[in-house]
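The lines below spell out each chain.
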Amino acid sequence: MLNHLAIAWADPALWPLLAITVVAGTVFGFAGFGSALIFIPLASIFMPPPEAVFLLALFDIACVVTVFPRAVRTANLREIGPVLAVAVVTLPVGLWGLHAIDATPVRWATCVVGAVALAALLTGWRYRGAVNGLMLAGTGAASGIIGGLTGLTGVVVILFYLGRGVAAEVTRANIIVFLTVLGVGLAIGTWIGITDFPVGMALILTPAYMIATWIGQALFSPQYDRIYRAIAYVIIGFAVVAGLPLWD
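Reading the values: rules and limits
Residues numbered from 1 in each chain as written. Predicted model: local features only at pLDDT ≥ 70, side-chain atom pairs only at ≥ 80, totals over all residues. Heavy atoms only, no water. Salt bridge = Lys/Arg side-chain N within 4 Å of Asp/Glu carboxyl O. Helix = DSSP H or I, 4+ residues; strand = E, 2+ residues; numbered from the N terminus. Buried < 20%, exposed > 50% of the residue type's maximum accessible area, 1.4 Å probe, protein only. Core = buried A, V, L, I, M, F, W, Y, C linked by side-chain atoms within 4.5 Å. Contact = heavy atoms within 4.5 Å. Expected span 1.5 Å × (residues − 1). Axes fitted to C-alpha atoms, helices over the stretch in contact; angles between N-to-C directions. Parallel < 35°, antiparallel > 145°, perpendicular 65-115°, else oblique. Nonpolar A, V, L, I, M, F, W, Y, C, P; charged D, E, K, R; others polar.

Engineer: Is there a simple way to explain the pattern of salt bridges in this structure?
Structural biologist: Two side chains bearing opposite charge may form a pair once their charged atoms approach each other closely. If you walk through the whole model with that rule in mind, you get one salt bridge. Salt-bridge contacts for Arg-70 lead to Glu-169; the nearest nitrogen and oxygen are separated by 4.0 Å. Of this pair, Arg-70 sits in helix 5 (residues 68-74) while Glu-169 sits in helix 10 (residues 168-193), and the two are 99 residues apart along the sequence. Owing to a relative accessible area of 30%, Arg-70 belongs among the partly exposed residues under this scheme.

Structure representation (structure tokens):
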């Protein structure tokens, strides 16, 4: 373990990755979304996409002891449960693409998905139709495939819930529960295909993310939901543009 930590400390990528992790965790803590849209595009500049996705999955799992306990008491589990179940089933399809496709196309796909999601959020586009079993299954399937390929597991779910007129605290809780549980499957799927396991980075960045989510959750207050979203949108926009392989 000490050897892995020494390697990570000597890696010049540690400090930018640490900064990215803290920002992503804080935003997730107060907004309930955005960590993947911030972390994956930026972290993929410094490491292969599968490793970035794996670290994000660890972060999601770490939320079990940070923001998850509060969220699971608030979430609408009857609705988010079926979406999550379908997402778990379809996740391997996206994971296959993550490991089989070269890093550059995956990075482009990640940034494109992030840009489309941000555009939808900024323009106010939402799904406003009837919510039935087929719609929930479709949301879960799209989340699993896109999430497995890019690590952006919450994009479809975020767009689905933010237009529902549900209380901000319930929406935030549903998304947190979804991302945390699906993070377990994402971690297993990415770990299987990684040859150079980033142990040291995981040991340093995961606690940093946990602390950042605690800070973000402490900042959260329902009456300031619009402000939190605006801050998240600005940071996500920067991450999507900065993460484009165009700048390599």
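Let's pick the thread back up.
Engineer: Got a minute to help me understand the nonpolar core in this structure?
Structural biologist: Grouped burial of nonpolar side chains is what soluble globular proteins tend to show. Ranked by size, the top nonpolar core spans 76 residues in total, and within it Phe-33, Phe-39, Ile-40, Leu-55, Phe-178 and Leu-205 carry the most contacts. In this structure, Leu-205 is in contact with Leu-14, Leu-17, Leu-18, Thr-21, Leu-55 and Phe-59, ignoring residues within four places of it in sequence.

Engineer: So what exactly am I meant to see when it comes to the side chain of Thr-26 here?
Structural biologist: Examined against the element boundaries, Thr-26 turns out to sit in helix 2 (residues 14-31). In this view, Thr-26 contacts Ala-212, Thr-213 and Gly-216; residues no more than four positions away in its chain are not counted.

Engineer: Help me understand helix 6 (residues 77-100) in this model?
Structural biologist: The α-helix advances 3.6 residues per turn, and as a result positions three or four apart in sequence lie on the same side. Helix length check: helix 6 (24 residues) gives 34 Å between terminal C-alpha atoms against 34 Å at 1.5 Å per residue, within 8%. Within the sequence span of helix 6, burial applies to Glu-79, Ile-80, Val-83, Leu-84, Ala-87, Thr-90, Leu-91, Gly-94, Leu-95, Gly-97 and Leu-98.

Engineer: Sorry, what's going on with the packing of helix 1 (residues 2-10) against helix 11 (residues 199-219) here?
Structural biologist: Two quantities define a packed helix pair, namely the angle between the helix axes and the distance between the axes. Taken N-terminus to C-terminus, the directions of helix 1 and helix 11 make an angle of 80 degrees; their axes are 7 Å apart at the nearest point. As judged from the angle between their axes, helix 1 and helix 11 are roughly perpendicular. Packed against helix 1, whose contacting residues are His-4, Leu-5, Ala-8 and Trp-9, the element helix 11 presents Val-199, Gly-200, Met-201, Leu-203 and Ile-204 at the interface. Its residues assigned to classes, the contact of helix 1 with helix 11 shows seven nonpolar, two polar and no charged.

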